[in-house]
Amino acid sequence: MRRLHCHLLLLSLSCYSSLAFSWSHNQQFQQAENYEGSSDLVDLQYHMGPVLASPINIYIIWYGNWNPSHQATIRDFLYSFSSSAPFPSVADWWQSVRFYTDQTGSNITGNIALAGEFYDSGYSHGRYLTRLSIQSVIKYAVTSQPRPLPLNSRDGLYLVLTSSDVGVQDFCRAVCGFHYFTFPMIVGVTLPYAWVGYSGTQCPGVCAYPFAWPKYSGKPPPSTNGGNNIMGAPNGDPGVDGMISVIAHELAEVSSNPLVNAWYAGDDPTAPTEIADLCVGVYGSGGGGGFVGEVYKDSWGDGYNVNGVKKRRFLVQWVWNPVKRRCFGPNAMD
């Protein structure tokens, strides 16, 4: 998440890192700066800030007009973090994230629960959101009557998900999702949060890769089963299956760097390279440079690398494992 964005807030210039999962059409098809193999070149450091070591209560804000089947898929993914499923599971994938600790030696929690949902189907802040107005959406969700979300500053994590008809600043052009923390002057307290947009109709070839392919990439789609076919989405919709991988990316990074002062590489805290940034585009052994790596295929030929609840399957991006010092996932072949 290497982008710096500045906002004029109350007549003072306040700049902050947007911490975004970003794709660019050029980066996607060249040799990306990922490290599927063990590397001593990655200078990932701890900067003494907190990690999310307490049990995480996730609160979803469904912004816009949502397909109920898409919501069910996303819920099942979130339920899978703390539920048993066949190996390799979503919980097994999270083990690489759990290795990260704070200055007390406390590891990132493995206890993640979907604690509440809020339906902003009335588009409280319109059909186009700026990065800053997403915080106002959270404020609306925790104050709206008669059933607001809890304002949980102890162990709450707020996940804003925008529907297919909602535009978000820099969405598709530069980012697929981002995480940050709320400003007390807007929300009242400091809360970690993440935003991810549904890309199925706006930019599937950018944010739903590898289930969709950019039209102007200049290269054919990745080869599957000996042909140039798009990889099938394991839950039947490229937009929501691609979205789940972005959600995983953001959850890993907001847990390891919630206040932008914990785990990241680079000398500039306003443009940190975080634990999932190091592995963008890598989903299996041998991944990188436009190839997702070795992943499983279901009976329909759809790609996946982890199992979830209710016999769900998901394809999620690997993250940097600090013990193995490499990008890693439970479907690794070694």
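Conventions adopted
- Residues numbered from 1 in each chain as written.
- Predicted model: local features only at pLDDT ≥ 70, side-chain atom pairs only at ≥ 80, totals over all residues.
- Heavy atoms only, no water.
- Helix = DSSP H or I, 4+ residues; strand = E, 2+ residues; numbered from the N terminus.
- Expected span 1.5 Å × (residues − 1).
- Contact = heavy atoms within 4.5 Å.
- Buried < 20%, exposed > 50% of the residue type's maximum accessible area, 1.4 Å probe, protein only.
- Polar contact = N/O pair within 3.5 Å; in protein donor to acceptor, adjacent residues only side chain to side chain.
- Salt bridge = Lys/Arg side-chain N within 4 Å of Asp/Glu carboxyl O.
- pLDDT = per-residue confidence, 0-100.

**Digging into helix α2 (residues 68-79)**
- In this model, α2 (12 residues) spans 16 Å end to end at C-alpha, consistent with the 16 Å of a helix rising 1.5 Å per residue.
- Buried residues belonging to α2 abut β5 (56-63), α3 (90-98), β6 (112-120), β8 (156-162), α7 (238-256) and β16 (313-314).

**Observations regarding the side chain of Ser 285**
- Secondary-structure assignment places Ser 285 in the loop between β12 (263-265) and β13 (296-297).
- With a relative accessible area of 12%, Ser 285 lands in the buried category.
- Within the local environment of Ser 285, its side chain forms a polar contact with the backbone nitrogen of Met 333, the two atoms lying 2.9 Å apart.

**Considerations on the pattern of salt bridges**
- Tallying each qualifying case throughout the model produces 8 salt bridges.
- Of the charged contacts, one joins Asp 165 and Arg 127 as a salt bridge, the two residues approaching to 2.7 Å between their closest N and O atoms. Here the residue Asp 165 occupies a position in the loop between β8 and β9 (167-168), and Arg 127 occupies one in the loop between β6 and β7 (128-129), the gap between them amounting to 38 residues.
- Overall, Asp 165 belongs to the partly exposed group, its relative accessible area being 31%.
- Where Arg 173 meets Asp 170, a salt bridge forms, and the shortest distance between an N and an O atom there is 2.3 Å.
- One network of salt bridges, with partners in common, ties together Asp 76, Lys 310 and Arg 312.

**Some thoughts on the side chain of Thr 162**
- Relative to the helices and strands, Thr 162 resides in strand β8.
- With near-sequence residues (within four places) excluded, Thr 162 lies in contact with Tyr 63, Trp 66, Leu 129, Val 168, Trp 195, Val 196, Gly 197, Tyr 198 and Met 243.

**Quick notes on α7**
- Here α7 spans 28 Å end to end across 19 residues, near enough to the 27 Å set by a 1.5 Å rise per residue.
- Of all 19 residues in α7, 18 are buried, a share of seventy percent or more.
- Among the residues of α7, the N-terminal cap falls to Asp 237, whose side-chain oxygen and the backbone nitrogen of Gly 239 are separated by 3.0 Å.

**Description of the confidence of the model for the protein chain**
- With 84% of its residues at a pLDDT of 70 or more, the protein chain shows a mean pLDDT of 87.
- Low confidence marks residues 2-18, where pLDDT is under 50. Its contacts with residues over four positions away, or in another chain, come to 47 contacts.
- A low-confidence stretch, residues 23-39 (pLDDT under 50), is modelled with 53 contacts involving residues beyond four sequence positions or located in other chains.

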